[in-house]
Amino acid sequence: MAEQTDLQALSLCGIAHRCAKETELFFAHLQHDPRPCFELFRRALVDGSERAWGVVYLQYHAQVTRWVQRHSSFSTCGEDAPYLVNRAFERMWSAVSPAKFSRFPDLKSLLRYLQMCAYSVVVDAVRR
């Protein structure tokens, strides 16, 4: 709990830096701490910080792009990746209210949901 309070006391720039560092460690298959990235999502979705949401977008844009492009229906959906990536973030932003945020116990669950949003916008594009 004290660590979470410490994270909440950090500036947005500090949280963004810590999240980027921990993400690099994750992709290098090294020990990492997901809590700074979770705090970044919390600020965006619970506090309603547009600046935090912008940092979430910058931090995860490349990953969401990979998810969109790897979807088996991407090549036939008729939309380009940047459009679908924006729709995926928009879908998450509109679906996860401050009250619903408590349903996500950790960063892994938030990223799973964001991945589901990425896949669903591809499927929706195919249906159109």
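The sections below set out a description of the structure shown in this document. (Residues numbered from 1 in each chain as written. Predicted model: local features only at pLDDT ≥ 70, side-chain atom pairs only at ≥ 80, totals over all residues. Heavy atoms only, no water.)

With respect to the element layout, Arg43 can be found in helix α3 (residues 35–45). Discounting chain neighbours no more than four positions away, the residues touching Arg43 are Leu7, Gln8, Ala9, Leu10, Ser11, Leu12, Ile15, Gly48, Ser49 and Ala52. (Helix = DSSP H or I, 4+ residues; strand = E, 2+ residues; numbered from the N terminus. Contact = heavy atoms within 4.5 Å.)

Turning next to the state of the cysteines. Under the defined criterion, the tally for this structure stands at one disulfide. Among the cysteines around Cys13, which has no disulfide bond, Cys19 carries the closest sulfur, lying 12 Å off. (Disulfide = S-S within 2.5 Å.)

What the largest pocket holds in volume is close to 420 Å³. Along its surface, the largest pocket is lined by 19 residues, and Phe26, Phe27, Tyr60, Leu107 and Leu111 are the ones closest to its centre. Across the lining of the largest pocket, the residue classes tally to nine nonpolar, five polar and five charged. (1 Å grid on protein atoms, 1.4 Å probe; cavity = no way out; pocket = protein on both sides within 12 Å on 5 of 7 lines; lining within 4 Å. Points joined across faces, edges and corners; volume = space filled by probe spheres on them. Nonpolar A, V, L, I, M, F, W, Y, C, P; charged D, E, K, R; others polar.)

Attention now moves to the pattern of salt bridges. Applying the stated criterion across every chain yields a total of eight salt bridges. Notably, a salt bridge pairs Glu90 with Arg87, separated by 3.2 Å at the nearest N-O pair. Of this pair, Glu90 and Arg87 both sit in helix α5 (residues 81–95), three residues apart, which is roughly one turn of the helix. Judged by its relative accessible area of 42%, Glu90 falls in the partly exposed class. Taken together, the shared-partner salt bridges in this structure form one network comprising Glu39, Arg42, Arg43 and Asp47. (Salt bridge = Lys/Arg side-chain N within 4 Å of Asp/Glu carboxyl O. Buried < 20%, exposed > 50% of the residue type's maximum accessible area, 1.4 Å probe, protein only.)

Compared with an ideal rise of 1.5 Å per residue, which puts 16 residues at 22 Å, helix α2 (residues 12–27) spans 22 Å between its outermost C-alpha atoms and is within 8% of the ideal. Buried within α2 we find Leu12, Ile15, Ala16, Cys19, Glu22 and Thr23. All buried residues of α2 fall inside an arc of 135° around its axis, so they share one side. The exposed residues of α2 that point more than 90 degrees off its buried face are Cys13, His17 and Glu24. His29, located one to two residues past α2, shows a positive phi value of around 60°. (Expected span 1.5 Å × (residues − 1). Arc of directions from axis to C-beta.)

Next up on the list: the environment of Arg18. With respect to the element layout, Arg18 can be found in helix α2. Look at Arg18 and you get partly exposed, because its relative accessible area is 25%. Once the C-alpha coordinates of Arg18 and Pro98 are considered, the two residues, 80 residues apart in sequence, prove to be 23 Å apart.

Another point: the packing of α5 against helix α7 (residues 107–127). Relative to each other, α5 and α7 sit at 125°, their axes nearing to 8 Å. By the criterion of interaxial angle, the relationship of α5 to α7 is oblique. For α5 against α7, the interelement crossing comes out right-handed. Of the residues in α7, those in contact with Leu84, Arg87, Ala88, Phe89, Arg91, Met92 and Ala95 of α5 are Leu110, Tyr113, Leu114, Cys117, Ala118, Ser120, Val121, Val122, Asp124 and Ala125. Here the residues of the contact of α5 with α7 sort into 13 nonpolar, one polar and three charged. (Axes fitted to C-alpha atoms, helices over the stretch in contact; angles between N-to-C directions. Parallel < 35°, antiparallel > 145°, perpendicular 65-115°, else oblique. Left-handed = near helix turned anticlockwise from the far one by under 90°.)

Just geometry here; none of it tells us what the structure is for.
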